[in-house]
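Here are the chains, one letter per residue:
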Amino acid sequence: TEVTYLNYEVLSDRGWSLDDDDLFEKAAAADLDDADYGQFEVEGDRSLLEAAEDSGHAWPFACRGGACANCAVAVTDGELSQLVDHILPDELTDEGIRLSCNGKPLTDTLEVVYNLEQREDLADLKL
Ligand code: FES
């Protein structure tokens, strides 16, 4: 699976929103750092967080067990499984928010906004 990622901090810096239909087009055109925007592959049975780490990225996490929401991402295109989720309320999963520590891609391509722990409703959930 090829993952295209974008740092949530960029959204706040630039006044972009998760609801923007052209969010990833704008990101692609914005000459962002590799830490903030880019692509990597998820191989085999790796979780999204593990694959990000395999590719040299330091994404937020704490428990790695579906209980803290530090690792939350917004899936804007594609599907990410969720084997363990003890923390996210339905209104956030309905929005496409998933836990990268145990989420595995179910589609050939995936677009995610990571670093969602910065978002106020998620910061409130964190342990
Ligand atoms: Fe805690 Fe993923 S790292 S829920």
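In this report, the structure presented in the accompanying data block is examined. (Residues numbered from 1 in each chain as written. Predicted model: local features only at pLDDT ≥ 70, side-chain atom pairs only at ≥ 80, totals over all residues. Heavy atoms only, no water.)

## Observations regarding the overall build of the chain
Now for step 1: Secondary structure assignment for the chain yields 5 helices and 5 strands.
Now for step 2: If you list the helices and strands of the chain from N to C, you get β-α-α-β-α-β-α-β-β-α.
Now for step 3: Taken over C-alpha atoms, the radius of gyration comes to 13 Å for the chain, in line with the 14 Å a tight globule of 127 residues would show.
Now for step 4: Looking at the chain as a whole, 46% of its 127 residues are labelled buried.
Now for step 5: Contacts in the chain between residues far apart in sequence, at least 24 positions, make up 64% of those at least 6 positions apart.
Now for step 6: Counting only carbon and sulfur atoms, one obtains 40% of the accessible surface of the chain, whose full area is about 6400 Å².
Now for step 7: For the chain, the centre of its 8 positive side-chain charges and the centre of its 31 negative side-chain charges are spaced 4 Å apart. (Helix = DSSP H or I, 4+ residues; strand = E, 2+ residues; numbered from the N terminus. Rg over C-alpha atoms; globule rule 2.2 N^0.38 Å. Buried < 20%, exposed > 50% of the residue type's maximum accessible area, 1.4 Å probe, protein only. Contact = heavy atoms within 4.5 Å. Areas by Shrake-Rupley, 256 points an atom, 1.4 Å probe, with all protein chains shown as cover. Lys, Arg positive; Asp, Glu negative; His and termini not counted. Charge placed at Lys NZ, Arg CZ, Asp CG, Glu CD.)

## A look at the sheet that holds strand S3 (residues 72-77)
Now for step 1: One open sheet accounts for 5 strands, arranged S2-S1-S5-S3-S4; its pairing is mixed. Every interior strand has two partners, whereas the edge strands, strand S2 (37-41) and strand S4 (97-99), have only one. Adjacent strand axes in the sheet meet at a mean angle of 35°, parallel and antiparallel pairs treated alike. (Pairing = 2+ DSSP bridges. Axes fitted to C-alpha atoms, helices over the stretch in contact; angles between N-to-C directions.)

## Some details on the packing of aromatic side chains
Now for step 1: Throughout the structure, instances matching the rule amount to 5 aromatic pairs.
Now for step 2: Measuring from centroid to centroid gives 4.4 Å for Trp-59 and Tyr-114, while their planes differ by 5°, and the two rings are stacked. In this pair, Trp-59 is assigned in the loop between helix H3 (48-54) and S3 and Tyr-114 in strand S5 (residues 109-114), connecting sequence segments 55 residues apart.
Now for step 3: With relative accessibility at 4%, the residue Trp-59 sits in the buried group.
Now for step 4: Residue classification places Tyr-114 among the buried positions, given a relative accessible area of 6%.
Now for step 5: A connected cluster of aromatic rings, assembled from ring pairs, spans Tyr-5, Phe-40, Trp-59 and Tyr-114.
Now for step 6: Over the aromatic face of Phe-61 sits the side chain of Arg-64, whose NZ or CZ is 4.2 Å from the ring centroid. (Phe/Tyr/Trp six-rings, centres within 6.5 Å; stacked < 30°, edge-to-face > 60°. Lys NZ or Arg CZ within 6 Å of the ring centre and 35° of its normal.)

## Details of the nonpolar core
Buried together is how nonpolar side chains tend to be arranged in soluble globular proteins.
Now for step 1: Grouped together as the largest cluster of nonpolar side chains are 39 residues, with contacts concentrated most on Leu-6, Phe-40, Leu-48, Trp-59, Val-112 and Val-113.
Now for step 2: Breaking this core down by element, the ones donating at least two residues are strand S1 (2-7), helix H1 (8-14), helix H2 (23-29), S2, H3, S3, S4 and S5.
Now for step 3: Excluding residues that lie within four positions of it along the chain, Leu-48 makes contacts with Val-3, Phe-40, Val-42, Trp-59, Val-73, Leu-80, Ser-100, Gly-103, Leu-110 and Val-112. (Core = buried A, V, L, I, M, F, W, Y, C linked by side-chain atoms within 4.5 Å.)

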